[in-house]
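Secondary and tertiary structure notes
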2 protein chains.
Amino acid sequence: MSSLLIDNIGSLVTNAPDVGQGALGLLEDAALVIEDGLVAWAGPRALVPEGAARERFDAGGRAVIPGFVDSHAHLVFAGDRTSEFEARMSGRAYTAGGIRTTVAATRTATDDELRAGVRRLVGEALRSGTTTIECKSGYGLTVEDEARSLRLAAEQTAEVTYLGAHVVPPEYAGDPDAYVDLVRGAMLDACVPHARWIDVFCERGAFDGDQTRAILTAGKERGLVPRVHAGQLGPGPGVRIAVELGAASADHVTHLSDADVEALASGGTVATLLPGAEFSTRSPYPDARRLLDAGATVALAADCNPGSSYTTNIPFCIALAVRDMNMTPVEALRAATMGGAQALRRTDVGHLAPGARADFVLLDAPSHVHLAYRPGVPLVARVWKDGVPG
Amino acid sequence: MSSLLIDNIGSLVTNAPDVGQGALGLLEDAALVIEDGLVAWAGPRALVPEGAARERFDAGGRAVIPGFVDSHAHLVFAGDRTSEFEARMSGRAYTAGGIRTTVAATRTATDDELRAGVRRLVGEALRSGTTTIECKSGYGLTVEDEARSLRLAAEQTAEVTYLGAHVVPPEYAGDPDAYVDLVRGAMLDACVPHARWIDVFCERGAFDGDQTRAILTAGKERGLVPRVHAGQLGPGPGVRIAVELGAASADHVTHLSDADVEALASGGTVATLLPGAEFSTRSPYPDARRLLDAGATVALAADCNPGSSYTTNIPFCIALAVRDMNMTPVEALRAATMGGAQALRRTDVGHLAPGARADFVLLDAPSHVHLAYRPGVPLVARVWKDGVPG
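If you're wondering where the values come from, they're calculated on a predicted model, not measured in any experiment.

For the match of chain B to chain A, the screw axis carries a shift of 0.0 Å, the RMSD comes to 0.0 Å, and the turn is 180°. Overall, the copies show the geometry of a two-fold rotation axis. Of every C-alpha in chain B, the one belonging to glycine 376 of chain B sits nearest the axis of rotation, 2.8 Å from it. The share of interface residues of chain B whose copies in chain A are also at the interface is 100%, consistent with both copies meeting through the same surface.

What follows concerns the domain arrangement of chain A. Residues and elements named next belong to chain A. Here chain A is described as being made up of domain 1 (3–67 + 351–389) and domain 2 (68–343). Residue-level contacts link 19 residues of domain 1 with 18 residues of domain 2. Where domain 1 abuts domain 2, roughly 1500 Å² becomes buried across the two surfaces, and 73% of that area is made up of carbon and sulfur atoms. In terms of surface lost to domain 2, no three residues of domain 1 exceed Asn15, Gly67 and Leu371, which account for 30% of the buried area on that side. One can count 0 salt bridges joining domain 1 with domain 2.

Residues and elements named next belong to chain A. Spatial ordering of the open sheet is given by 6-7-8-9-10-11-12-13, a layout of 8 strands whose pairing is parallel. Since the sheet does not close on itself, it has two edges, and those belong to strand 6 (68–70) and strand 13 (298–300), each with one partner. The mean inter-strand angle of the sheet, taken between neighbouring strand axes irrespective of direction, is 25°. As defined by bridge partners, strand 6 adjoins strand 7 (residues 130–136) across 3 bridges and the pair is classed as parallel. Opposite valine 69, over in strand 7, you have threonine 132 as the bridge partner. The strands touched by helix 7 (residues 209–221) are strand 8 (159–165), strand 9 (197–202) and strand 10 (225–230); relative to strand 9, the strand with the most contacts, the crossing angle is about 175°.

Right, let's get into the pattern of salt bridges. Considering all chains together, one arrives at 58 salt bridges over all chains under this definition. A salt bridge links glutamate 331 of chain A to arginine 289 of chain A; the nearest nitrogen and oxygen atoms lie 2.9 Å apart. Residue glutamate 331 of chain A is located in helix 13 (residues 329–343), and its partner arginine 289 of chain A is located in helix 11 (residues 288–294); the two are separated by 42 residues in the primary sequence. A residue is classified by how much of its surface remains accessible, and glutamate 331 of chain A, at 22% relative accessible area, is partly exposed. Here arginine 289 of chain A falls in the partly exposed class, since its relative accessible area comes to 24%. Salt-bridge contacts for lysine 136 of chain B lead to aspartate 199 of chain B; the nearest nitrogen and oxygen are separated by 2.9 Å. Of this pair, lysine 136 of chain B sits in strand 7 (residues 130–136) while aspartate 199 of chain B sits in strand 9 (residues 197–202), placing them 63 residues apart in sequence. Among the residues examined, lysine 136 of chain B registers a relative accessible area of 1% and is labelled buried. Here the salt bridges share partners, and the residues they tie into one network are Glu159, Arg196, Arg346, Asp348, Arg357 and Asp386 of chain A.

With that settled, consider unusual backbone geometry. Positive phi values are uncommon outside glycine, yet asparagine 15 of chain A reaches one of about 60°. As for its placement among the helices and strands, asparagine 15 of chain A is situated in the loop between strand 1 (3–13) and strand 2 (26–35).

At the junction of the two partners, chain B supplies 45 residues and chain A supplies 45 residues. Counting the surface lost from both chain B and chain A, the interface buries some 3500 Å², and carbon and sulfur atoms represent 59% of this. The interface formed by chain B and chain A includes 2 salt bridges. The residue glutamate 124 of chain B makes a salt bridge to arginine 374 of chain A at a minimum N-O spacing of 2.7 Å. In this assembly, chain B and chain A are joined by 27 residue pairs in polar contact (both at pLDDT 80 or more). Looking at the side of chain B that touches chain A element by element, the count peaks at 6 residues for helix 12 (residues 314–324) of chain B. Here the residues of the side of chain B that touches chain A sort into 22 nonpolar, 13 polar and 10 charged.

For the rest of this paragraph, the subject is the pairing of strand 1 of chain A. Residues and elements named next belong to chain A. Across the 11 residues that make up strand 1, a large majority, 10, are buried. Sheet topology note: the strand 1/strand 2 ladder contains 8 bridges and is antiparallel. Bridged to leucine 5 within strand 2 is valine 33. As paired elements, strand 1 and strand 4 (residues 55–58) share 4 bridges and run parallel to each other. Considered in strand 4, the bridge of leucine 4 is made with glutamate 55. As defined by bridge partners, strand 1 adjoins strand 5 (residues 63–66) across 2 bridges and the pair is classed as parallel.

Let us look at helix 5 (residues 176–183) of chain A. Regarding helix 5 of chain A, the residues found buried are Tyr179, Val180, Leu182 and Val183 of chain A. Considered in projection along helix 5 of chain A, the buried side chains sweep an arc of 160° and stay on one side of the axis.

Time to look at the confidence of the model for chain A. The pLDDT averaged across chain A works out to 96; a share of 99% of its residues lies at or above 70. Confidence, expressed as mean pLDDT per element, reaches its minimum in chain A at helix 1 (residues 82–89) of chain A with 94 and its maximum at strand 6 of chain A with 99.

Residues and elements named next belong to chain A. Packing of helix 3 (residues 111–127) against helix 4 (residues 143–154) brings their axes to within 10 Å, and their N-to-C directions diverge by 45°. By the angle class used here, helix 3 and helix 4 are oblique. Considering how the two elements wind past one another, helix 3 and helix 4 form a crossing that is right-handed. Where helix 3 approaches helix 4, its residues Asp111, Leu114 and Arg115 are matched on the opposing element by Arg148, Arg151 and Leu152. Split by residue class, the contact of helix 3 with helix 4 holds 2 nonpolar, no polar and 4 charged.

With respect to the element layout, aspartate 189 of chain B can be found in helix 6 (residues 186–191). Put simply, aspartate 189 of chain B and glycine 219 of chain B are 30 residues apart on the chain and 9.4 Å apart in space, counted from C-alpha to C-alpha.

This part covers the environment of threonine 272 of chain A. Residues and elements named next belong to chain A. Relative to the elements of secondary structure, threonine 272 occurs in strand 12 (residues 270–273). Between the C-alpha atoms of threonine 272 and asparagine 326, which are 54 residues apart in sequence, the distance is 15 Å. Polar contacts involving the side chain of threonine 272 include one to the side chain of serine 249, which spans 2.6 Å.

With that out of the way, let us pick up the state of the cysteines. All names here are of chain B. One pass over the full model with this rule turns up 0 disulfides over all chains. The thiol of cysteine 202 is not disulfide-bonded; the next cysteine sulfur, from cysteine 191, is found 20 Å away. Here cysteine 317 is not cross-linked by a disulfide; its sulfur's nearest cysteine counterpart is in cysteine 304, at 9.8 Å.

Let us now look at the sheet that holds strand 10 (residues 225–230) of chain B. Residue and element names in this part refer to chain B. Pairing is parallel in the open sheet, where 8 strands are placed in the order 6-7-8-9-10-11-12-13. The open sheet is flanked by strand 6 (68–70) and strand 13 (298–300), the only strands paired with a single partner. Mean inter-strand twist for the sheet, computed between neighbouring axes without regard to direction, equals 25°.

Attention now goes to the layout of surface pockets. For the largest pocket, the calculated volume is near 1300 Å³. Lining the largest pocket are 48 residues, with Val377, Pro378 and Leu379 of chain A together with Arg127 and Pro378 of chain B sitting closest to its centre. The set of elements that each furnish at least two residues to the lining of the largest pocket consists of helix 3, helix 12 (314–324) and helix 14 (370–373) of chain A together with helix 3 (111–127), helix 12 and strand 15 (380–385) of chain B. Of the residues assigned to the lining of the largest pocket, the class counts are 25 nonpolar, 11 polar and 12 charged.

Turning our attention to the packing of aromatic side chains. For the coordinates displayed, the defined rule picks out 18 aromatic pairs over all chains. Pairing phenylalanine 85 of chain A with tyrosine 373 of chain B gives two aromatic rings, centres 5.2 Å apart and planes at 35°, and the pair type is tilted. Of this pair, phenylalanine 85 of chain A sits in helix 1 while tyrosine 373 of chain B sits in helix 14 (residues 370–373), placing the two residues on different chains. Accessibility classification places phenylalanine 85 of chain A together with tyrosine 373 of chain B in one group, the buried group. Each ring, one from tyrosine 373 of chain A and one from tyrosine 310 of chain B, has its centre 5.0 Å from the other, and the planes form 65°; the classification is edge-to-face. Separated into two different chains, tyrosine 373 of chain A in helix 14 and tyrosine 310 of chain B in the loop between strand 13 and helix 12 make up a pair that spans both. Residue classification places tyrosine 310 of chain B among the buried positions, given a relative accessible area of 3%.

What counts and what doesn't
- Residues numbered from 1 in each chain as written.
- Chains lettered and ligands numbered in written order.
- Predicted model: local features only at pLDDT ≥ 70, side-chain atom pairs only at ≥ 80, totals over all residues.
- Heavy atoms only, no water.
- Least-squares fit on C-alpha atoms with pLDDT ≥ 70 in both.
- Contact = heavy atoms within 4.5 Å.
- Domains from an automatic or database assignment.
- Buried area = accessible area lost by both parts, 1.4 Å probe.
- Salt bridge = Lys/Arg side-chain N within 4 Å of Asp/Glu carboxyl O.
- Pairing = 2+ DSSP bridges.
- Helix = DSSP H or I, 4+ residues; strand = E, 2+ residues; numbered from the N terminus.
- Axes fitted to C-alpha atoms, helices over the stretch in contact; angles between N-to-C directions.
- Buried < 20%, exposed > 50% of the residue type's maximum accessible area, 1.4 Å probe, protein only.
- Polar contact = N/O pair within 3.5 Å; in protein donor to acceptor, adjacent residues only side chain to side chain.
- Nonpolar A, V, L, I, M, F, W, Y, C, P; charged D, E, K, R; others polar.
- Arc of directions from axis to C-beta.
- pLDDT = per-residue confidence, 0-100.
- Parallel < 35°, antiparallel > 145°, perpendicular 65-115°, else oblique.
- Left-handed = near helix turned anticlockwise from the far one by under 90°.
- Disulfide = S-S within 2.5 Å.
- 1 Å grid on protein atoms, 1.4 Å probe; cavity = no way out; pocket = protein on both sides within 12 Å on 5 of 7 lines; lining within 4 Å.
- Points joined across faces, edges and corners; volume = space filled by probe spheres on them.
- Phe/Tyr/Trp six-rings, centres within 6.5 Å; stacked < 30°, edge-to-face > 60°.

Here it is as structure tokens:
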């Protein structure tokens, strides 16, 4: 049995209110005992239980937090969109095709090229503290390329989401309903073996309410659990459909009616906020306070993708959430850990109570508050996943 | 003679329009030759001059940019203000004393404690690409503690700024003019040997126009060059005085009259923008476009300090400048390199033309645009200062 003592933790966030203080289950002058990749014990340093010979790591009085759970990422793609970004941010027109540029590059990429891209971004995310990450398809948009995307994603993460309904690809521009039939037919057949989740971009210009409902319902019948891109660019039926179909999460949710907020607050669907997308498109941020004050469960994710949010960095998203979405540092950290776990319906990650996976992050800081207090500074000193240091 | 070839640079920013294309003096598929800590040659890879036996570094097709020049930092302090930040960002009242909290902690700290703090932040800045950094006093506010702060700062950087006029310390609350007399009298005498610059926080609640003018004039008479904190919290006379006295830079400049903009555009004073301060205080950002369109020279700096901008990270400031101050990626990068050099009246840094100091940064990215396109992601792969890798 492998056993590891993380000792001399100045400030430990457990997210377990029965283990520590407040919403973060905070302990000062604390220790963690890890056995076989799981948290065996968390508590005050003075009370560390006697145990077998253990490896000891001295945290040097610094802060330890649960690994981030990033529940929304688009990592299987080729190419980047530097020129499009630069043109947008320089106020110049840009006539290239947005998502379609990435679709074209992804279709012509080899498996190894796509695999290297996913590995690079998952590794980058891990180094910045993300120990669980979801990954969507959505840049293949053919039966073969969607299935391939999911298969490659599944090599790197257990949280794989079928997003054939990202946009209507150019070859179906004249008959979008035929594409919807493909997404819920042959493409679904090919993708089910590789995915846990099904997602639809429910938005004007992408898929409408009826199309969204049809696709998610077909996925549910095959055992996939829905999640929905809803209300990113404008109001729409996405949140209502998400809650009605028991989706794990409605994501973006920047444009919400009062009924949407009420549905999120009273249903089992997490509201996942993606401030990186608003940052990189100069769009207004979602109103996190409205959701939190109504009682909704909020998650925070990075939405890594090459078009509208090319970041894997959750500390950056936490700083934005505090600055621009009026979340407190406590709420933002909880949303990026427990919130993400809830959005992925995982009870084994996002917290450090005994029995949880030993996924945790040592910060070069005395407190988790520094993630927002020291914006942009790389504070992640070391990351453990399943008890193994990165 | 030490000689180093940086080869296979995918994209090289020289900031020298006669060396490369556009405002950034951009070269693709380029190389740099370093000799004795200076740039000996920069140009297309195909044209690298024959030379003595050289050490060769392969940049792997990635981007190389000049080191950042951070012309505004407050690094000599003790303690931090985590609780104040958390209270502010959580909408709770906080009655502790702001800057005065840091003054009290700084006065009681030992030289070694302060030295360790400066070294930690200068090192952190260097690792994120900042090869030149200015450092102010301003948390001592006694003759002895201001002189000590400057002496410790001078151990780490050549750009040392006497900021006795940061706030009026509590012991002079009843007689601020007596403090002004001290700042331009005995305190100036003690500080002149350690400093190049003199700065005043010209703002309602700090120092008014007459006080600012008196202090800066006294400093000029002793050979210090003025720089001014102007227009951070509201409109005021700071910019006008800065330009009139030939200050190298007016910093913050968030609140500007048309006459202020005109003065900056036509005078020799750089406008230094500090978006980290607006970020961490939820304040409106300065209008960079208004300054740029008027023809002012703009610098971008991090304003690292424990109260209102506890970041050393210039890539983060570049991303904010692009997102929230409507600067283009080109303008933001130039402001963080050449702009900072101009704000410090340095011609040897901020660019990579032959003769410049060999201060440069390798990015884990194909282009400098990624600094804004990939916000929060630590893209600085390696940093050279005076030709020596960090």
